Amino acid sequence: MTVHLPHRAVRTNAVRTHSRRRRTALYAASLLCCSAVLTALPGGASAAPAPAPAAVAFADEFDGPAGAAVDGSKWQLETGDNVNNHERQYYTGGNSNAALDGQGNLVITARKENPGNYQCWYGSCEYTSARLNTSGKFAAAYGHVEARVKVPRGQGMWPAFWMLGDDFGNVGWPQSGEIDVMENVGFEPGTVHGTLHGPGYSGAEGIGAGYTLPNGAAFADDFHTFAVDWAPDSITWSVDGNVFQRRTPADLGGKEWVFNKPFFLILNLAVGGYWPGDPDGSTAFPAELVVDYVRVTTND
């Protein structure tokens, strides 16, 4: 995706400028896929990944009263716009666009509004949304990283669950590395993407694959579990336990593998941008990214 320092609040203003079809190569840093043989498995194809390690390093079940803000000991909210991807939203703090629903979920809501007279790269902002990360609060190397999520539907929607190298503030992007566990763009309702970005393979040149639901189903129809199993020199992606790609240094053609170090977590719902395109008359607002839980287990 993209990083932003308060914007994805270290990052995190990094720029998630992918566009498998429309994606352009503009992928800048701002705070803020299976081996050579197994490059990408067909959707729903393979067995589930190996059992996750037992030690829980991070977990948020999003339990709490309706309207409550996220746990500040685990997450920080980034604020501002994102010119790098030409996204249309302004990310707000507090619980305006990211709040618990009282039923064990976090709801990130994108709205067509501008109650604070926010200014974006294109003028007065047209939309608000939220992006949160664990930078400075949680980072880990290796293990099983997963979230159970229901994405929104609609042209211009761009939900994501992803990670950035914890050294982002020192080395910048893409040297920090980026692991996109899940991205969805509204014009592909039945497909999600998992991607690696690093030095020499960032933006439109990221290395990854897509996973498509069978029988024309859309990801917005129900919750799905998106995960990576991450070990030294390998990362494996799955959807609902179905492995669809595995990446190792052999996939990089001699470029640097920057994924043997701690990364932090990011959740966000972008509106518009180079890859998804802007909302149109068919896009319904408010749009919601609903997160049941986020869990990380490691060998530590």
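Note that the structure is a prediction, hence the values are computed from the model and not measured.

This brings us to the nonpolar core. One finds Phe259 and Val294 to be the most contacted residues of the largest nonpolar core, which totals 55 residues. Among the nonpolar cores identified, the runner-up in size contains 13 residues, and Trp158, Phe264, Ile266 and Ala270 belong to it.

Strand order in the open sheet made by the 7 strands is β4-β11-β20-β13-β14-β15-β16, with antiparallel pairing throughout. Among the strands making up the open sheet, the edge pair consists of β4 (76–78) and β16 (207–212). Strand-to-strand, the axes of this sheet are offset by a mean angle of 15°, without reference to chain direction. Both strand β13 (residues 157–165) and strand β20 (residues 263–271) contribute to a ladder of 9 bridges, which runs antiparallel. When the sheet's bridge partners are listed, Trp162 is paired in β20 with Ile266.

Note on strand geometry: in a regular strand, side chains alternate between the two faces of the sheet. Most of strand β15 (residues 191–197) is tucked away, with 7 of its 7 residues classed as buried. Side chains Thr191, His193, Thr195 and His197 of β15 all project onto a buried face; the interleaved residues Val192, Gly194 and Leu196 project onto the opposite face, where all are buried too. In this sheet, β15 lies alongside strand β14 (residues 178–183) in antiparallel orientation, the contact comprising 4 bridges. Each residue of the ladder has a partner; that of Glu178, found in β15, is His197. Where β15 meets β16, 6 bridges bridge the pair, whose relative direction is antiparallel. The partner of Thr195 across the bridge, within β16, is Gly208.

Moving on, we come to the pattern of salt bridges. Opposite charge on two side chains permits them to pair, given that their charged atoms come into close proximity. Under the criterion given, the structure shown has 8 salt bridges. Close ionic contact of Arg88 with Glu126 constitutes a salt bridge, the shortest N to O distance being 3.4 Å. Here Arg88 is found in the loop between β4 and β5 (89–91), whereas its partner Glu126 is found in the loop between β9 (123–124) and β10 (127–129), with 38 residues between them in sequence. Bridged by salt links that share partners, the residues Arg88, Glu126 and Asp278 form one connected network.

Within the structure shown, the criterion is met by 1 disulfide. Each sulfur of the disulfide joining Cys120 and Cys125 lies 2.0 Å from the other. Given an S-S torsion of about 110°, the disulfide between Cys120 and Cys125 has right-handed geometry. Residue class for Cys120 comes out buried when judged on its relative accessible area of 10%. The class for Cys125 is buried, based on a relative accessible area of 4%.

Calculation notes
Residues numbered from 1 in each chain as written. Predicted model: local features only at pLDDT ≥ 70, side-chain atom pairs only at ≥ 80, totals over all residues. Heavy atoms only, no water. Core = buried A, V, L, I, M, F, W, Y, C linked by side-chain atoms within 4.5 Å. Buried < 20%, exposed > 50% of the residue type's maximum accessible area, 1.4 Å probe, protein only. Pairing = 2+ DSSP bridges. Helix = DSSP H or I, 4+ residues; strand = E, 2+ residues; numbered from the N terminus. Axes fitted to C-alpha atoms, helices over the stretch in contact; angles between N-to-C directions. Salt bridge = Lys/Arg side-chain N within 4 Å of Asp/Glu carboxyl O. Disulfide = S-S within 2.5 Å.

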